[in-house]
Amino acid sequence: MQRSDISRRTVLAGAAGLATGAAVGLGRASAAPREPSAADRVTAITHVTVIDATGAPAKRDTTVVLRDGRILAVEPSRRIGVPAGAEVIDGRGRFLIPGLANMHNHTFDGEAIEPPLHIANGITTVRDMTANDDTSRWRREIEAGTRLGPRWTVGSPIVDGSPSLWEGLGAPYIAAATPEEGRATVRAQKDAGADFVKVYTRLSRPTFFAIADEARRQRIPFLGHVSDFVQLTEASDAGLASVEHLFQIWYDTSSREEELRRDITAVPIAGGEYNGWLNKMHPYEYAAARSYDRHKAAGVFARLARNGTRVTPTLVLHTFTDMPGDTPMNDPRYAYFPAATREFWAYALELIYLNGRTPEQDARGRELFERRLSLVNDLDRAGVPLLAGTDNGTSYLMPGFSLHDELARLSQAGLSTMRVLQTATVEPARYLGARDRGTIERGNVADLVLLDADPLRDIRNTTRINSVVVRGRVIGPTERQRMLADVKRAATAMPVPAQPKAATCPC
Ligand SMILES: [Zn+2]
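Chemist: Looking at this model, I keep getting lost on the overall build of the protein chain. Mind explaining?
Modeler: Tallying secondary structure elements over the protein chain gives 17 helices and 17 strands in all. Expressed as a percentage of the 507 residues in the protein chain, the buried residues total 56%. Put simply, the protein chain shows about 20100 Å² of open surface, and 49% of that area lies on carbon and sulfur atoms.

Chemist: Looking at this structure, how should I read helix α5 (residues 205-218)?
Modeler: Side chains three or four residues apart in an α-helix point the same way, a direct result of the helix having 3.6 residues per turn. Across its 14 residues, α5 extends 20 Å between first and last C-alpha, which sits within 8% of the 20 Å expected from 1.5 Å per residue. If you check which residues of α5 are buried, you get T207, F208, A210, I211, A212, D213, E214 and A215. Looking at the buried positions of α5, the neighbouring elements they touch are β9 (158-160), α4 (179-191), β11 (197-199), β12 (222-224) and α6 (232-237). Where α5 ends, the next residue or the one after it, R219, has phi of about 55 degrees, a positive value.

Chemist: I keep staring at the pattern of salt bridges and nothing clicks. Help me out?
Modeler: Pairs can form between side chains of opposite charge whenever their charged atoms are close. This structure, assessed with the given rule, holds 43 salt bridges. For E75, the salt bridge goes to R79, with nearest N and O atoms at 3.0 Å. With relative accessibility at 43%, the residue R79 sits in the partly exposed group. Notably, a salt bridge pairs R205 with E234, separated by 2.8 Å at the nearest N-O pair. Here E234 lies in helix α6 and R205 lies in helix α5, a separation of 29 residues in the sequence. Linked by salt bridges that have partners in common, R183, R187, D213, E214, R216 and R217 make up one network.

Chemist: Would you explain the packing of aromatic side chains in this entry?
Modeler: Each aromatic ring pair is described using two quantities: the centre-to-centre distance and the angle formed by the ring planes. Considering all chains together, one arrives at 15 aromatic pairs under this definition. Taking the centre distance of 5.6 Å and the plane angle of 85 degrees together, the rings of F208 and F209 count as edge-to-face. F208 gets classed as buried once you look at its relative accessible area, which sits at 0%. F209 sits in the partly exposed class, given a relative accessible area of 27%. With 5.5 Å between their ring centres and 70 degrees between their planes, Y334 and W345 make a pair best called edge-to-face. One end of the pair, Y334, is in the loop between α11 (315-322) and α12 (339-354); the other, W345, is in helix α12, with 11 residues separating them in the sequence. Since its relative accessible area comes to 2%, W345 is described here as buried. Here a set of aromatic residues connected by ring pairs shows up, and it is made of F320, Y334, F337, W345, Y353 and Y396. The lysine or arginine in question, R127, covers the ring of F196, its NZ or CZ lying 5.8 Å from the ring centre.

Chemist: Would you take a moment to explain the coordination of the zinc ion for this structure?
Modeler: Working reference: metal with six octahedral donors, ideal angles 90 or 180 degrees; metal with four tetrahedral donors, ideal angle 109.5 degrees. Coordination sphere of the zinc ion, protein contribution only: H104 (NE2), H106 (NE2) and D391 (OD), at 1.9 to 2.3 Å. Between the donor residues of the zinc ion, the gaps in sequence give the motif H-x1-H-x284-D. Take H104: its relative accessible area is 0%, and that puts it in the buried class. The class for H106 is buried, based on a relative accessible area of 2%.

Chemist: Just to check I follow, could you spell out the packing of helix α9 (residues 274-290) against helix α13 (residues 359-381) for this structure?
Modeler: Two measures define how a pair of helices packs: the angle their axes make with one another and the distance between the axes. At their nearest, the axes of α9 and α13 sit 10 Å apart, and the two run at 50 degrees to each other. Taken together, the axes of α9 and α13 are oblique relative to one another. With respect to the hand of their crossing, α9 and α13 are arranged in left-handed fashion. Between α9 and α13, the residues in contact are H282, P283, E285, Y286, A289 and R290 and R364, E367, L368, R371 and R372, respectively. Of the residues that constitute the contact of α9 with α13, the class distribution is 4 nonpolar, 1 polar and 6 charged.

Chemist: Please clarify how the nonpolar core should be interpreted in this entry.
Modeler: Inside soluble globular proteins, nonpolar side chains tend to come together where they are buried. I249, F301, V311 and L379 are the most contacted members of the largest nonpolar core, which totals 105 residues. Among the elements that make up this core, the one with the highest residue count is α9 (7 residues). Once residues within four sequence positions are removed from consideration, F301 is found in contact with I249, T253, Y292, L375, D378, L379, A382 and V384. Core analysis: the second largest hydrophobic core is formed by 15 residues, I45, V50, V74 and A446 among them.

Chemist: I tried to follow the confidence of the model for the protein chain on my own but got confused; where do I start?
Modeler: In low-pLDDT segments, the atomic positions of the prediction should not be examined closely. Overall, the prediction assigns the protein chain a mean pLDDT of 90, with 90% of residues at 70 or greater. This stretch, residues 1-36, has a pLDDT under 50; its non-local contacts, to residues over four places away or in other chains, come to 54 contacts.

Chemist: Where do I start with the environment of N121 in this structure?
Modeler: One can find N121 in the loop between α2 (114-120) and β7 (123-128). With 359 residues separating them along the chain, N121 and R480 place their C-alpha atoms 9.1 Å apart. Setting aside residues up to four positions removed in sequence, N121 forms contacts with L100, P399, G400, F401, H404 and I465.

The rules behind each value
- Residues numbered from 1 in each chain as written.
- Predicted model: local features only at pLDDT ≥ 70, side-chain atom pairs only at ≥ 80, totals over all residues.
- Heavy atoms only, no water.
- Helix = DSSP H or I, 4+ residues; strand = E, 2+ residues; numbered from the N terminus.
- Buried < 20%, exposed > 50% of the residue type's maximum accessible area, 1.4 Å probe, protein only.
- Areas by Shrake-Rupley, 256 points an atom, 1.4 Å probe, with all protein chains shown as cover.
- Expected span 1.5 Å × (residues − 1).
- Contact = heavy atoms within 4.5 Å.
- Salt bridge = Lys/Arg side-chain N within 4 Å of Asp/Glu carboxyl O.
- Phe/Tyr/Trp six-rings, centres within 6.5 Å; stacked < 30°, edge-to-face > 60°.
- Lys NZ or Arg CZ within 6 Å of the ring centre and 35° of its normal.
- Donors = N, O, S within 2.8 Å, 3.2 Å for Na, K, Ca; no water.
- Axes fitted to C-alpha atoms, helices over the stretch in contact; angles between N-to-C directions.
- Parallel < 35°, antiparallel > 145°, perpendicular 65-115°, else oblique.
- Left-handed = near helix turned anticlockwise from the far one by under 90°.
- Nonpolar A, V, L, I, M, F, W, Y, C, P; charged D, E, K, R; others polar.
- Core = buried A, V, L, I, M, F, W, Y, C linked by side-chain atoms within 4.5 Å.
- pLDDT = per-residue confidence, 0-100.

See below:
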């Protein structure tokens, strides 16, 4: 590889806007040299095919230079040299994509399991849907550079109405019974450092809209489940940043909306009835899905798109709840989870999801899932931004691994492989307002995944991970395998509990 003047200028031009006074290579402006950290070493990934996630075609034979945790250059390999002293990663035959994001996570397992599994699976951004002391601490340590892990965005506890579906179930939640309590909750959560307020299913109309208004005043996003008493379009007009799962999309898009809304409003739901809610609402959700009105849906989706309301389909969650009987029992990836977690999964599957289930329910579940796939395709075609998320914490959904299953499901829904990739890269970055993330462009944060196979050919190739780059730190194949082995060892060493640790899923 020739080191030409052109390449040096290109690289320096990139460096100028990024690191003041720093030249590429090992030279540094400071008179007092310090030990170079992994992050400010220069790395060049050479002759790689770059899939930058902007929607542009793949760029073959490209060299990507990284320094100080940033992308310094993305140039055809023939036009750029490798800076002196750079660590070189041969990208020949490989594919470089931006780091992935899981936009619907719940932290369930400990520090030995979750952060390394996200990273080993190429996930460099996580949106956690419920406040959690562990996650908040990890986030601080990751920001400070003392822990390796994804960038974490963490919401408030679930803010539900009263009685809440979560009463007595052991998961953190806030019950806001009145508009005043709703407003006070928004202010308190903002003060507590929540990145957003997560609204939930049983909020009354006045409280839901009070939260929406207070969130706007306090400039904090609100998102989550649309209340049973509010239309999705109303919530979107009120500023809902993202709607989670596909449960609440059917009613607005049904030709029978008025009648079905009257019905669901009248369904008696007691405190703590998380699963009761799922079961009691199911017939109405099914009826709404079967009366899906394409013309009406087009109007709803245009409104979501105009308002910038995102949809996080969590198809892997729906796979599990619609077709629990199909859950594989022998997935080798389960070995990365402690016995306590696996027992909880099996317990919830048997006692909650399969208990008393009829063949008719199975058939309906299958039909509903097919309809969900086509709904996701309609949303995408209508220009509603979609976010990839999984709802880890639900049985058999796995931090790290399940995001790749979600991408495969989105592909099954008919999205192009590029669109699927964007749901986990550029769309989350846009949603988070992070202009320097989500794509492979000069100046962006160096969060990257190097793949051994082409994800545009088959999205399942996002699992063919060679290396992961987090803020410029390269985790090569050996280190990545060691991380995975450490997780497995830690999971195996965790004690088997006498009792399953929780009774339900936290979606
Ligand atoms: Zn959830």
